[in-house]
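Chain by chain, the residues:
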Amino acid sequence: MSAGTYTPRPGAAPLSRMIAAQTAFETKMLLRNGEQLLLTVIIPSLLLVLFSAVDIVDTGAGRSVDFLAPGILALAVMSTAFTGQAIATGFERRYGVLKRLGASPLPRWALMTSKTLSVIVTEVLQIVLLTVIALLLGWSPHGSPLAVLLLLVLGTAAFSGLGLLMAGTLKAEATLAAANLVFLLLLVGGGVIVPMDKFPGGVRSVLELLPVSALSDGLRDVLQHGASMPWADLGIVAVWAVLGLGAAARYFRWE
């Protein structure tokens, strides 16, 4: 035993270790929250099974699951990166958690990085689960995995920026109400379950510019129709990612 075995070594842990620990903590908190599980796992899974098994909405030619699965994947990204993150971060801000964490050795940018990594981990679990369910329902995906990955990454960035913007500018109660309302509205009008051609022309033109619509449409073009790279949809999602993250970085308030 050396003389320095029990000598204290004060100081912050390496930055990479702090980010990993905070990411693990954020992920555990997310997965232990019943409301978050309802949004991220239960609702998307139920919608996929219900609308694939029961002919409620006319999804056009082919099997319903081939149309629904890409839209449900987009919904899963939105539920975690936008709705779940906005609500959780909003209440952390209200209770002073963000303020205290901001005064810790963990830099603020590293805290946001940990939150983003937590969202990505949760989305991976969601996508695996929903893919398995869809395959069991007879889904036969096509297309480029790279295109799917790009769409999911840009979609995550777009919805994370919008969620953090909402959480950092509104009161927690307002964030809770607004995030859930947006979730419901985009579920109906974002091309997730109801095809965009069911809406009037003028309304459809506006809805197609929404991030969830572009993400759903892009994933559907690749996974259902075998498109190589849906550049138009990628461009729309990328614009939302830049606008959302830029606005969040500028207007987010920690108190």
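So, a few notes on the structure that sits alongside this text. Bear in mind the structure is a predicted one, so any value in this text is a computation, not a measurement. Here, residues in each chain are numbered from 1, in the same order as that chain's written sequence. Given that this is a predicted model, residues contribute local features only at a pLDDT of at least 70 and side-chain atom pairs are listed and counted only at 80 or more, while totals for whole chains, interfaces and linings are drawn from all residues. Only hydrogens and water are set aside; all other atoms, that is, all heavy atoms of the structure, feed into the side-chain values.

Let us look at the packing of helix 6 (residues 145-169) against helix 10 (residues 231-251). Helix axes are fitted only over the stretch in contact, all axes being lines through C-alpha atoms; the angle between N-to-C directions runs from 0 to 180 degrees. The helix and strand labels rest on DSSP assignments: H or I over at least four residues marks a helix, E over at least two residues marks a strand, and numbering proceeds from the N terminus. The interhelical angle for the contact between helix 6 and helix 10, taken along N-to-C directions, is 30 degrees, at an axis separation of 7 Å. The orientation of helix 6 relative to helix 10 falls into the category roughly parallel. Considering how the two elements wind past one another, helix 6 and helix 10 form a crossing that is left-handed. Touching L150, L151, L154, G155, A157, A158, G161, L162, L164, L165, G168 and T169 of helix 6 are L234, V237, A238, W240, A241, G244, L245, A247, A248 and Y251, all from helix 10. Any angle between 65 and 115 degrees counts as roughly perpendicular, while under 35 counts as roughly parallel, over 145 as roughly antiparallel, and the rest as oblique. Two helices that cross are described as forming a left-handed crossing if the nearer one is turned anticlockwise from the farther one by less than a right angle, and a right-handed crossing if clockwise. Residues count as neighbours in contact if any of their non-hydrogen atoms are within 4.5 Å of one another.

Between two packed helices, what matters for the description is the angle formed by their axes and the separation of those axes. Running from N to C, helix 5 (residues 108-136) and helix 6 cross one another at 130 degrees; their axes reach a closest spacing of 11 Å. Compared by their axis directions, helix 5 and helix 6 come out oblique. Of the two elements, helix 5 crosses helix 6, and the hand of that crossing is right-handed. Residues M112, V119, I120, E123 and I127 of helix 5 touch helix 6, and the partners they reach there are L152, T156, S160 and L164.

Okay, the nonpolar core next. Formed by 50 residues in total, the largest nonpolar core has its most connected members in L48, L75, M78, F159, I193, L215 and L219. Looking at this core, the elements with two or more residues in it are helix 2 (34-53), helix 3 (64-94), helix 5, helix 6, helix 7 (172-189), helix 9 (211-223) and helix 10. The element that contributes the greatest number of residues to this core is helix 3, accounting for 15 residues. Aside from chain neighbours lying at most four places away, what touches F159 is V77, M78, A81, F82, P211, V212 and L215. Definition of nonpolar core: a set of buried residues of the types Ala, Val, Leu, Ile, Met, Phe, Trp, Tyr and Cys, connected through side-chain atoms within 4.5 Å. Three exposure classes are used, based on accessible area relative to the maximum for each residue type with a 1.4 Å probe and protein chains only: buried under 20%, partly exposed in between, and exposed over 50%.

So, on to the packing of aromatic side chains. Working definition: a ring pair exists when centres of Phe, Tyr or Trp rings (six-membered ring for Trp) sit within 6.5 Å. Plane angles under 30 degrees give stacked, over 60 give edge-to-face, the rest tilted. Enumeration over the complete set of coordinates arrives at one aromatic pair. Between F91 and Y95, the aromatic rings sit 6.1 Å apart at their centres with planes inclined by 35 degrees, giving tilted as the arrangement. Sitting over the ring of F67, R220 keeps its end group 3.8 Å from the ring centre. Two thresholds decide whether a charge sits over a ring: the Lys NZ or Arg CZ must be within 6 Å of the ring centre and within 35 degrees of the ring normal.

Time to look at the pattern of salt bridges. One side-chain nitrogen of Lys or Arg within 4 Å of one carboxyl oxygen of Asp or Glu is enough to make a salt bridge. The final tally for this structure, using the stated rule, is five salt bridges. The salt bridge partner of D66 is R63, with a shortest N-O separation of 3.3 Å. Its salt-bridge partner being R94, residue E173 comes within 2.5 Å of it at the nearest N-O pair. Pair noted here: E173 is in helix 7 and R94 is in helix 3, with a separation of 79 residues, a long-range link. One salt-bridge network, held together by shared partners, links E26, E92 and K115.

Before going further, it helps to spend a moment on the side chain of D233. With respect to the secondary-structure elements, D233 resides in helix 10. Despite its burial, D233 pairs with no opposite charge; the closest candidate is R220, at 8.9 Å N-O. Residues in contact with D233, not counting those within four places in the same chain, are A214, D217, G218 and D221. A residue counts as positive if it is Lys or Arg and as negative if it is Asp or Glu; His and the chain ends are not included.

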